[in-house]
Amino acid sequence: MPRKRPFSAKQKKKQLQDKRERKRQGFQDGVRSSSNSRSGSHDRHEEHTDTSDSESFSLQVRRINQQPQIRKPGEQGYDPNRYRLHFDRESKEEIERRKKIAREKILEPVPEAETEVDIEDIYKTGSVLDFPKRPPWSYQMTKEQLLAREEKCFRDYLENIYTTFQPSQLSYFEHNLETWRQLWRVLEMSDIVLLITDIRHPVINFSPALYDFVTKQMKRNLILVLNKIDLAPPALVVAWKHYFKSRFPEVHVVCFTSYPQVDQDPSAVFKKRRKRRKGWSTAMGPDQLLSACESITAGKVDLSSWKEKIERDATSARLPLEDSEDSEEDDESAAVLVEHQTDVAMEAGGFCQEIYKDGILTIGCVGFPNVGKSSLINGLVGHKVVSVSRTPGHTKYFQTYFLTPTVKLCDCPGLIFPSLVDRKQQILSGIYPISQIQEPYTSVGYLASRIPIQALLKLRHPDAEHGKPEPPWCAWDVCEAWAEKRGYKTARGARNDVYRAANSLLRLAVDGRLCVCMRPPGYTAHKAMWEHHIETTEIAALQEAHGHNGRRSSGEEEEAEGEEEEDEISSSGEEEDEEKDRDADEEAEEEEEMLSAPKSGPSQPFPSRKGKQLAGRNLFALLGEDEC
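Everything numeric in this text was worked out from a predicted model, so none of it was measured. (Residues numbered from 1 in each chain as written. Predicted model: local features only at pLDDT ≥ 70, side-chain atom pairs only at ≥ 80, totals over all residues. Heavy atoms only, no water.)

Draft legend 1. Molecular detail of the overall build of the protein chain. Summing up its helical and strand segments, the protein chain has 21 helices and nine strands in all. Of all 628 residues assigned to the protein chain, the portion counted as buried reaches 51%. When contacts within the protein chain are restricted to residue pairs at least 6 apart in sequence, long-range pairs at least 24 apart make up 75% of them. Looking at the protein chain as shown, the accessible area adds up to about 30,700 Å², and 50% of this sits on carbon and sulfur atoms. (Helix = DSSP H or I, 4+ residues; strand = E, 2+ residues; numbered from the N terminus. Buried < 20%, exposed > 50% of the residue type's maximum accessible area, 1.4 Å probe, protein only. Contact = heavy atoms within 4.5 Å. Areas by Shrake-Rupley, 256 points an atom, 1.4 Å probe, with all protein chains shown as cover.)

Draft legend 2. Examining the environment of Asp 422 more closely. Along the chain, Asp 422 turns up in the loop between strand S9 (407-411) and helix H13 (423-428). Accessibility expressed as a relative area gives 32% for Asp 422, which makes it partly exposed. Sequence separation between Asp 422 and Ile 122 is 300 residues, and the spatial gap between their C-alpha atoms is 8.9 Å. Polar contacts involving the side chain of Asp 422 include one to the side chain of Lys 424, which spans 3.0 Å. (Polar contact = N/O pair within 3.5 Å; in protein donor to acceptor, adjacent residues only side chain to side chain.)

Draft legend 3. Structural context of the confidence of the model for the protein chain. Of all residues in the protein chain, 64% attain a pLDDT of 70 or more, and the chain-wide mean is 75. Element-level pLDDT for the protein chain is lowest in helix H20 (residues 583-595), with a mean of 43, against a maximum mean of 95 in helix H8 (residues 234-247). For residues 273-279, every residue scores under 50 in pLDDT, and the model assigns this stretch 43 contacts once sequence neighbours within four places are set aside. In this model residues 556-628 is a low-confidence stretch, pLDDT under 50, and it forms 105 contacts with partners more than four residues away in sequence or in other chains. (pLDDT = per-residue confidence, 0-100.)

Draft legend 4. Examining helix H17 (residues 498-510) more closely. The terminal C-alpha atoms of H17, which comprises 13 residues, lie 18 Å apart, in line with the 18 Å expected from a rise of 1.5 Å per residue. Of all 13 residues in H17, 11 are buried, a share of seventy percent or more. Those residues of H17 that sit buried are Val 498, Ala 501, Ala 502, Asn 503, Ser 504, Leu 505, Leu 506, Arg 507, Leu 508, Ala 509 and Val 510. In the stretch just after H17, Gly 512 is the one whose phi turns positive, near 95°. (Expected span 1.5 Å × (residues − 1).)

Draft legend 5. Fine view of the nonpolar core. The biggest cluster of nonpolar side chains holds 133 residues, and the ones touching the most others in it are Ile 223, Phe 244 and Trp 306. When neighbours within four sequence positions are excluded, Trp 306 is seen to be in contact with Pro 286, Leu 289, Leu 290, Cys 293, Ile 363, Leu 380, Leu 403, Thr 404 and Val 407. (Core = buried A, V, L, I, M, F, W, Y, C linked by side-chain atoms within 4.5 Å.)

Draft legend 6. Layout of the pattern of salt bridges. Tallied over the full model, the rule gives 24 salt bridges. With a closest N to O distance of 3.8 Å, Glu 188 and Arg 185 form a salt bridge. With Glu 188 and Arg 185 both in helix H5 (residues 177-189) and three residues apart, the pair spans about one turn of that helix. You can call Glu 188 buried: its relative accessible area is 14%. The salt bridge involving Lys 424 is made with Asp 422; its shortest N-O contact spans 3.0 Å. Overlapping salt bridges bring together Arg 134, Glu 150, Glu 178, Arg 181, Arg 185 and Glu 188 as one network. (Salt bridge = Lys/Arg side-chain N within 4 Å of Asp/Glu carboxyl O.)

Draft legend 7. Summary view of the packing of helix H14 (residues 441-448) against helix H16 (residues 475-486). Put simply, H14 and H16 touch, their axes get as near as 8 Å, and they point 95° apart. By the criterion of interaxial angle, the relationship of H14 to H16 is roughly perpendicular. In this structure, H14 contributes Tyr 441, Val 444, Gly 445 and Ala 448 to the contact, and H16 contributes Ala 475, Trp 476, Val 478 and Cys 479. Broken down by class, the residue content of the contact of H14 with H16 amounts to seven nonpolar, one polar and no charged. (Axes fitted to C-alpha atoms, helices over the stretch in contact; angles between N-to-C directions. Parallel < 35°, antiparallel > 145°, perpendicular 65-115°, else oblique. Nonpolar A, V, L, I, M, F, W, Y, C, P; charged D, E, K, R; others polar.)

Draft legend 8. Up close: the side chain of Ser 419. With respect to the element layout, Ser 419 can be found in the loop between S9 and H13. Overall, the relative accessible area of 2% leaves Ser 419 in the buried class.

Draft legend 9. Expanded view of the pairing of strand S5 (residues 252-255). In the sheet, strand S4 (residues 221-227) pairs with S5 via four bridges, with the strands oriented parallel. Opposite Ile 223, over in S5, you have His 252 as the bridge partner. Running through H8, the crossover from S4 to the neighbouring parallel element S5 is right-handed. (Pairing = 2+ DSSP bridges. Right-handed = clockwise from strand over helix to strand, strands pointing away.)

Draft legend 10. Layout of the environment of Val 251. With respect to the helices, strands and loops of the structure, Val 251 is situated in the loop between H8 and S5. Look at Val 251 and you get buried, because its relative accessible area is 6%. The spatial distance from the C-alpha of Val 251 to the C-alpha of Leu 224 is 6.5 Å, given a sequence separation of 27 residues. Look past the residues within four positions of Val 251 in its chain and what remains in contact with it is Tyr 211, Leu 222, Leu 224 and Phe 244.

Draft legend 11. Region of interest: the pairing of strand S8 (residues 399-404). Counting buried positions along S8 gives five out of six residues, so the element sits mostly inside the fold. Looking at chain direction, S8 and S9 are connected through five bridges and run antiparallel. For Gln 399, the partnering residue across the bridge sits in S9 and is Asp 411. Where S8 folds back onto S9 in an antiparallel hairpin, the turn is made up of two residues.

Draft legend 12. Examining the state of the cysteines more closely. The full count for this structure, using the stated rule, is zero disulfides. Distance from the sulfur of Cys 410, which forms no disulfide, to the nearest cysteine sulfur (Cys 412) is 7.1 Å. Residue classification places Cys 410 among the buried positions, given a relative accessible area of 0%. A disulfide-free cysteine, Cys 517 has its sulfur positioned 3.8 Å from the sulfur of Cys 515, the nearest such atom. A residue is classified by how much of its surface remains accessible, and Cys 517, at 8% relative accessible area, is buried. (Disulfide = S-S within 2.5 Å.)

Draft legend 13. Here's a closer look at the packing of aromatic side chains. Overall, the coordinates contain 18 aromatic pairs when judged by the stated rule. Plain terms: the ring middles of Tyr 441 and Trp 476 are 4.8 Å apart, the flat faces sit at 45° to each other, and that makes the pair tilted. Here Tyr 441 is found in helix H14, whereas its partner Trp 476 is found in helix H16, with 35 residues between them in sequence. Here Tyr 441 falls in the buried class, since its relative accessible area comes to 5%. (Phe/Tyr/Trp six-rings, centres within 6.5 Å; stacked < 30°, edge-to-face > 60°.)

Draft legend 14. Just the packing of helix H4 (residues 143-164) against H5, in detail. Closest axis-to-axis distance for the H4/H5 pair is 11 Å, and the angle between their directions is 105°. Judged by the angle between their axes, H4 and H5 are roughly perpendicular. Across from Leu 147, Glu 150, Glu 151, Phe 154 and Tyr 157 in H4, the residues of H5 making contact are Leu 177, Trp 180, Arg 181 and Trp 184. The residue makeup of the contact of H4 with H5, split by class, is six nonpolar, no polar and three charged.

Okay, structure coming up:
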C-alpha cells in the first residue's frame, strides 16, 4: 500500500477556500444551460454563464442539491450536478420581508371553502405557462448544432414566460434544460403516460399543457394516478376523481398508494410507519392500473403475465412471513433493472407513431418531485427495485424496469411545471428540499392557518402567562413554541432554534403526519353527497382491507425472533436514509415509548434507538480489517 502524502493545515485551509470559491461560482447569475448540457462540458462552464443572447433578458437562478465532484478538474466523466434542481433565486429583500410578515401577521383559521382550488386559477389554459418542447431535428445535424437549437428554444421559452409574468407571480419551476431532456425521452418511448399526482394537492401536479401534448399531438393515452390516497378522506378522493374526469374527458383516473397507512388518526403525529418485508406487496391500486391498461390496449398486448403477477403478489401478502420469503426471493432474482445514463439528446430513437413495439407495452411515469413515482414502481413490482427518497430531485435520470416480459416501466425525474400557485403551498407539497429553504416561517404560517397545529402538537405560546388569556399566534410563535417543546437550541446563545423547528414542522407536513389537503370547487357545498357516494364506500372498504393486511403482516414480523429493525419510511413508502435531520422523529419515538410505559414499578432508564440497535452486536465488528 503506498504511503500517504503529508497534508498540512495550510493546505487544508487552501482546499476549503477553493471549495468555497467554486461554490460561489456555481451560484452566479444566469441560466447556465450550456454549462451542464453534456457530461464533458464542465470544463467550459466558465465561458457560458448565461443562456441569453440579449442583455435585456437576465435571470438569477439558484441551483439546489449540489453534489461533490468525484473527479479532478479537467477530467472527462459523469457530472453529478448535471440534473440539479434549478429555481428562480429570490432576493434578500424579499426574504427579509417575508420574515417580518411571519413575526407580525396574526394567524386566522381559514374556512374549508377557501381551500377549494380550480385548476384554471393555477395554470391559465392557453397561456405561456407551458413546458419546453423538443425542437425538430434530423440526422444531418451535428451534435453542436442540435445542442445549440435546443438551448435557443429553451431560452425563448423562459423569456416568453418572464416577459408575460413577473417573477413574484410565478411558482418555482424547473430551469434546468438537462432535466427537461429526460422528460422528452420518456414521452417519446412511452405507449401510455402515467401522470402521477399527490392526492393532497392534485391540481398543482396536473399540467393541462402536458395533457394536451400527450393526447392531441402525440396521440397517446394518459392515465392520471391519484397517489397517496391513504392521506385523504375517501370522500375527497372520489370528489377529485370525478373532477378530473369531467374537466379532462380523455384521461383515465386510477387511485393508488404504495404503502397503505394503517392508522389515519390525525392526532397521531409521531406514530411512525415502518417498512416491513411485505410492505411493497400491499400496495393498493395495481389491479385498477391493469384494468385501465387493458381497456387502452384492447388486446393488442398480452397482459396475462401482469395479471398473474398481481394475483401472485396478493397471495403472497396473505401467506405467513416464512412461506412468502421464498416467493419474494424468486421474484427478485428474476428482476432485471436497466438504468439509463445515456446522452438522451442525441438518441436516434425519436418519437415515432409505432406503438407496442415487439409486443411490449411501455409505461412512462412522469410527475412532480416527491409525488411517489419511484415508489409506485416499487409498489407495482412488489419489492424495492428503484431507489427512493422523500428528498426532491432524488431520481437523477430516467430508468426502465421490465415488470413482466411484456410490460416495461420507465421512471422519469421529477419536473416542476410553471404555474401561478402560491410558493408556500408548493413548499408544503414537497417540491423544494426542506433543508435548503431560506425562509420557512411563512410556509409554517400557511400550514397553521389551515390545520390546528397548536392543538395537535399541544404547544404553549411563548408569551403566555399563568392566569391570563393566551396571546394571538403568529408563524414565528408556532416555530418558537415547537423549538421550546423539542429542545431545539442554537449552539452559541442557547436560544430557541426557530429555523430548525420550522424545518421540522415542514417535514412533518410533507411526510403526511400534519396533513393539509386541497379541495375541488364546490366540495364544501356538496360534502354530504360525496360522503355518501357509492365509490366512497368502496374506497373506504379497500383502505380498510389493505390496512388490515398491513396490521397482520406487522404482527407476524414482531413475533419473529432476531428480526432487524427496518428503516423509517414516509406515508408513500419512501426511505428517509438520506435525511440527516431525523433527531426530532427519533426523540418523538422515545417520548412515545416513555408515555406508553407502565406506571408501576421502579423507574427504568429508557435506552435510545441507537442503543437498542447496537445492544446485540459486537461493536468491534463495525471496524474493518484494516482499522483494527
